[in-house]
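# Chains, contacts and geometry: an overview
Given next are the chains, with one letter for each unit.
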Amino acid sequence: MKEKNVLVTGAAGQISYSLLPRLISGETFGPNRKVNLKLVEIPPVLDKLQGTVLELEDCGFSNCGSIISTSEINEAAEDCDWALLVGSIPRGITINGKKIEERGDLLHVNGGIFTDQGNAIGTKGKEDAKILVVGNPANTNALIGKSNSNNNSQLWMAMTALDANRAKAQISIKTNRPIEDIKRMTIWGNHSPTMYPDLDNASIDGKSVSEIINDSNWIENDFLVRVQQRGKEIIDARGASSAASAANAAIDTVKNVENDTKEGTWFSAAVASDGSYGIPEGLIFGYPLRTENGKVEIVQDLELNDYARAKIEITTNELLEEKEEVKDLIALSLIHI
């Protein structure tokens, strides 16, 4: 049985608790792949992580290979095919007596983590490794990681599938159509409240979702706000960030990258811009994507009206501002993107 080596950071957290079993069950990589897990946590949490490892063993999945727990990212990155970077410092935590509240502080604290992770994965991971950043602020964390990897053959992504799934859920409720009927959902830009879920290019039975709904007031003032603020809504309701839905979105992204995309559709994730749709090159930006023959490419030539372009400009500017905040953490070759 062929093997996949999968690195997961933040492995003792709530997202990983939902994520890890699905990585080794045969669901994500298929029934003919043995999955070796390389689980990373900070030293104070390694004992807790061991409890998760025991549970993974007790699941008895035939696709489960070896499981390594460590606090050393260089050890975990060795020969990894995939890296799911779930761990990050949340807003509100106190570090060295200072409460991390401002977005700039959050960017710098997490940025320091992703410089080391990027370097380790770039140096020790497989040349064709795929990296999905889940930990927020995901796009800029991915930019920092990619720039410090010094390895352009690896694919660095930030997760926008959670936003896409949230958008499809709201459309399903509005139209009374099953989730699987909703195709071509694109999340443009940042995984933040500025991201733009595109209903003009999303489709049901080949027809634009915005045309089917035919209610611009609902789209602009209810749908858009609901999707952009869904993370906050969940935190307010359950007292904690999204976990099961975030894990599910990570699994969706891995599947979409591992398998060729069905004709006539696409999926959403953030990748390094090549200048498509006028986005500055190098920014990790949410795009419509397709996988073909194992290669992920940006879908080209979608029509964007003035409203969509204005929203995309807002999220682009936010990402440029974030890049400026962490320019000291970005490899010199990328500072001027």
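Please refer to the structure higher up on the page.
Summarised in this report is the structure supplied together with it. Because the structure is a prediction, the values reported are computed rather than measured.

### A few points about the pattern of salt bridges
Under the definition given, this model contains 13 salt bridges. The closest approach of N and O atoms between Asp205 and Arg177, which form a salt bridge, is 2.7 Å. In this pair, Asp205 sits in the loop between strand S12 (203-204) and strand S13 (207-208) while Arg177 sits in the loop between helix H6 (161-175) and strand S9 (182-183), placing the two residues 28 residues apart along the sequence. Linking Lys295 and Glu297 is a salt bridge whose minimum nitrogen-to-oxygen distance equals 3.9 Å. Looking at Glu297, the relative accessible area reads 42%, which means it is partly exposed. Where salt bridges share partners, they join Arg22, Glu27 and Lys255 into one cluster.

### Thoughts on the nonpolar core
Membership of the largest hydrophobic core comes to 54 residues, with the highest contact counts inside it found for Leu23 and Leu84. The dominant element in this core, judged by the number of residues it contributes, is helix H10 (residues 244-258), at 7 residues. Sequence-distant contacts of Leu23, that is, excluding residues within four places in its chain, are made with Val6, Val8, Thr28, Phe29, Val35, Leu37, Leu84 and Ile251. One finds Ala76, Cys80, Leu107 and Ile284 within the second-largest nonpolar core, a separate group that totals 26 residues.

### Quick word on the sheet that holds strand S16 (residues 295-298)
The mixed open sheet is built from 9 strands, whose spatial order is S3-S2-S1-S4-S7-S8-S14-S15-S16. This sheet does not close on itself; its edge strands, each paired only once, are strand S3 (64-70) and S16. Neighbour-to-neighbour, the strand axes of the sheet open up by a mean angle of 30°, direction not taken into account. One ladder, built from 5 bridges, connects strand S2 (residues 33-40) with S3; its direction is parallel. Paired with Val35 across the strands is Cys64, a residue of S3.

The rules behind these values
Residues numbered from 1 in each chain as written. Predicted model: local features only at pLDDT ≥ 70, side-chain atom pairs only at ≥ 80, totals over all residues. Heavy atoms only, no water. Salt bridge = Lys/Arg side-chain N within 4 Å of Asp/Glu carboxyl O. Helix = DSSP H or I, 4+ residues; strand = E, 2+ residues; numbered from the N terminus. Buried < 20%, exposed > 50% of the residue type's maximum accessible area, 1.4 Å probe, protein only. Core = buried A, V, L, I, M, F, W, Y, C linked by side-chain atoms within 4.5 Å. Contact = heavy atoms within 4.5 Å. Pairing = 2+ DSSP bridges. Axes fitted to C-alpha atoms, helices over the stretch in contact; angles between N-to-C directions.

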